[in-house]
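Notes for the structure review
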Amino acid sequence: MVGWLVMDGEIAQTSRSRPDGASIRLADIAAHAGVSEATVSRVLNGKPSVSSSTRQAVLAALDVMGYERPQRLRQRSNGLIGLVTPELDNPIFPAFAQAVEKALTQHGYTPVLCTQLPGGAPEDEFTELLMDRGVSGIVFVSGLHADTTARMDRYTRLTDRGLPIVLVDGYSERIEAPFISPDDRAAARLAVQHLADLGHERIGLAVGPRRFVPVIRKIEGYRRAMSQLLGAVEVDELISHSLFSVEGGQAAATQLLARGCTGIVCASDLMALGAIRACRDRGLTVPGDVSVVGFDDSPLIAFTDPPLTTVRKPIGAMASAAVATLLEEINGVHAKHVELIFQPELVVRSSTGSGPLVNR
């Protein structure tokens with residue numbers, strides 16, 4: 001346990017949480033939090049007349065700077081919230097989990113992260129584990145609710161028991177619960193529009209297994225965009241299904257390149273990195289010979305070689321909406337069967353360039 005003594009503009013720790021025994025100045029915390037030293041002092045001493053947002057900023061500054069919070073400022077958790085995600089190999093999932101956890105913590109809840117791994121515990125087992133722990137609600141991210149071949153009664157059993165749930169990235173008419181989704185159709189159109197504007201006509205789509213709702217929606221958006229923008233109606237051979245991974249993207253892109261595609265739209269950033277690898281394996285350059293567009297705008301994706309043009313998934317807004325919706329249920333608001341759809345954004349970097357017609 002750490003004790004705090006505020007004297008002469010410094011906060012001295014009575015424990016040895018730092019090996020160098022250094023103290024931290026009020027000015028340092030104030031600068032990090034963007035408030036005055038007097039405000040920092042009031043927060044650390046538990047004084048009133050400080051707004052909740054300001055108090056949170058000061059406490060966040062303490063956390064970031066590696067100091068434990070004073071005992072008097074440690075809040076009792078309002079309860080546990082389960083967060084069930086796919087494996088964290090795709091960086092978009094840990095980014096989303098972090099956004100959800102941050103929002104939950106700000107509302108006084110403790111998140112319990114359950115990550116599904118190949119060969120590990122299935123979603124249903126995690127759900128039972130969370131129920132046994134008495135969670136107040138569960139957020140499911142890209143779970144079985146996104147699989148059109150999966151049974152949906154696993155979710156109706158939860159809602160029948162009165163457990164608040166929110167389902168992210170997927171949709172089913174059979175589940176009476178709120179859904180949070182990006183506009184996958186709009187995402188595909190943004191990517192196709194970008195490549196068409198650059199002069200590409202032979203544009204392929206690399207997506208995951210066809211049974212998933214986001215895949216179905218991306219294909220719908222892709223077909224509509226190809227028809228409206230390029231007059232291409234027969235595009236079946238330009239759609240390649242694989243896994244949501246680098247290797248899956250490489251396999252799908254290899255097929256599309258063999259079919260003459262000069263532009264490739266991918267269903268994830270990882271697939272896009274695989275598509276770039278496939279191009280290089282064939283001696284092609286990106287974007288000189290082939291343009292590649294990803295989806296997600298995962299952390300660090302701007303630093304790939306080349307920096308990836310992608311369609312940004314609004315994970316911050318989606319995470320905030322998921323938490324706000326779940327807390328409404330927890331507070332007694334009846335769960336509505338509604339889907340909140342968030343608009344994606346095209347982020348142009350260096351993996352896309354002029355098509356063959358423009359280069360002539």
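Not measured: the values here are computed from a predicted model.

Let us look at the overall build of the chain. Helix and strand content of the chain: 12 helices and 15 strands. Oriented by its inertia axes, the alpha-carbon framework of the chain measures out at about 75 × 50 × 35 Å. For the chain, buried positions account for 49% of its 360 residues. Taking as baseline every contact in the chain between residues at least 6 positions apart, the subset at least 24 positions apart corresponds to 69%. In the form shown here, the chain has an accessible surface area of approximately 16800 Å², with 51% of it arising from carbon and sulfur atoms. Where the 35 positive side-chain charges of the chain centre and where its 40 negative ones centre are 3 Å apart.

A separate point is helix α11 (residues 315–330). Across its 16 residues, α11 extends 22 Å between first and last C-alpha, which sits within 8% of the 22 Å expected from 1.5 Å per residue. Those residues of α11 that sit buried are Ile315, Met318, Ala319, Ala321, Ala322, Val323, Thr325, Leu326, Leu327 and Glu329. Following α11 by one or two positions, Gly332 has its phi on the positive side, about 105°.

Inspection of the secondary structure puts Thr304 in the loop between β12 (291–296) and β13 (309–312). Classification of Thr304 as buried rests on a relative accessible area of 18%. A polar contact of 3.1 Å, which involves the side chain of Thr304, links it to the backbone oxygen of Ile301. A polar contact is formed between the side chain of Thr304 and the backbone nitrogen of Leu308, at a distance of 3.3 Å.

Let us look at the sheet that holds strand β5 (residues 109–115). Spatial ordering of the open sheet is given by β5-β4-β6-β7-β8-β14, a layout of 6 strands whose pairing is parallel. Among the strands making up the open sheet, the edge pair consists of β5 and β14 (339–342). The average undirected angle you get between the axes of adjacent strands in this sheet is 20°. The strands touched by helix α4 (residues 92–106) within the sheet are β4 (79–85), β5, β6 (137–141) and β7 (165–168), with β5 carrying the most contacts at an inclination of about 160°.

In this section: the pairing of β13. A regular strand places its side chains so that they alternate between the two faces of the sheet. As paired strands, β12 and β13 are joined by 4 bridges and run parallel to one another. When the sheet's bridge partners are listed, Val293 is paired in β13 with Thr309. The pairing of β13 with strand β15 (residues 345–347) spans 3 bridges and is classified as antiparallel. Looking across to β15, one finds that Val311 is bridged to Leu346.

A few words on empty space enclosed by the protein. Scanning all chains against the criterion turns up 1 cavity of 30 Å³ or more. For the largest cavity, the calculated volume is near 60 Å³. What lines the largest cavity is simply Ala187, Ala188, Ala191, Leu205, Lys218, Val265, Cys266, Ala267, Gly294, Phe295 and Val311. The biggest single contributor to the lining of the largest cavity is helix α7 (residues 184–197), with 3 residues. Its residues placed into classes, the lining of the largest cavity shows 9 nonpolar, 1 polar and 1 charged.

Moving on, we get to the nonpolar core. Grouped together as the largest cluster of nonpolar side chains are 42 residues, with contacts concentrated most on Tyr222, Ile264, Cys266 and Val292. Sorting the residues of this core by element identifies α7, β9 (203–207), α8 (213–230), α9 (246–258), β11 (263–266), α10 (269–281) and β12 as the ones contributing at least two each. Residues contacting Ile264, with those up to four places away along its chain left out, are Leu195, Gly204, Ala206, Ala253, Leu256, Leu257, Val290, Ser291, Val292 and Val293. Counting 25 residues, the second-largest nonpolar core is a separate cluster that includes Phe93, Ala103, Val141 and Val168.

Attention shifts here to the confidence of the model for the chain. The predicted coordinates ought not to be read in detail in places where the model reports low pLDDT. Summarising the model, the chain shows a mean pLDDT of 90, and 91% of its residues fall at 70 or more. Predicted confidence for residues 1–22 stays below pLDDT 50, and this span has 44 contacts to residues more than four positions away or in other chains.

Before going further, it helps to examine the packing of helix α1 (residues 26–33) against helix α2 (residues 37–44). Interaxial distance between α1 and α2 falls to 8 Å at its minimum, and their mutual angle equals 100°. Overall, the two elements α1 and α2 adopt an arrangement that is roughly perpendicular. Where α1 abuts α2, its residues Leu26, Ala27, Ile29 and Ala30 lie against Glu37, Val40, Ser41 and Leu44. When its residues are assigned to classes, the contact of α1 with α2 shows 6 nonpolar, 1 polar and 1 charged.

The rules behind each value
Residues numbered from 1 in each chain as written. Predicted model: local features only at pLDDT ≥ 70, side-chain atom pairs only at ≥ 80, totals over all residues. Heavy atoms only, no water. Helix = DSSP H or I, 4+ residues; strand = E, 2+ residues; numbered from the N terminus. Buried < 20%, exposed > 50% of the residue type's maximum accessible area, 1.4 Å probe, protein only. Contact = heavy atoms within 4.5 Å. Areas by Shrake-Rupley, 256 points an atom, 1.4 Å probe, with all protein chains shown as cover. Lys, Arg positive; Asp, Glu negative; His and termini not counted. Charge placed at Lys NZ, Arg CZ, Asp CG, Glu CD. Expected span 1.5 Å × (residues − 1). Polar contact = N/O pair within 3.5 Å; in protein donor to acceptor, adjacent residues only side chain to side chain. Pairing = 2+ DSSP bridges. Axes fitted to C-alpha atoms, helices over the stretch in contact; angles between N-to-C directions. 1 Å grid on protein atoms, 1.4 Å probe; cavity = no way out; pocket = protein on both sides within 12 Å on 5 of 7 lines; lining within 4 Å. Points joined across faces, edges and corners; volume = space filled by probe spheres on them. Nonpolar A, V, L, I, M, F, W, Y, C, P; charged D, E, K, R; others polar. Core = buried A, V, L, I, M, F, W, Y, C linked by side-chain atoms within 4.5 Å. pLDDT = per-residue confidence, 0-100. Parallel < 35°, antiparallel > 145°, perpendicular 65-115°, else oblique.

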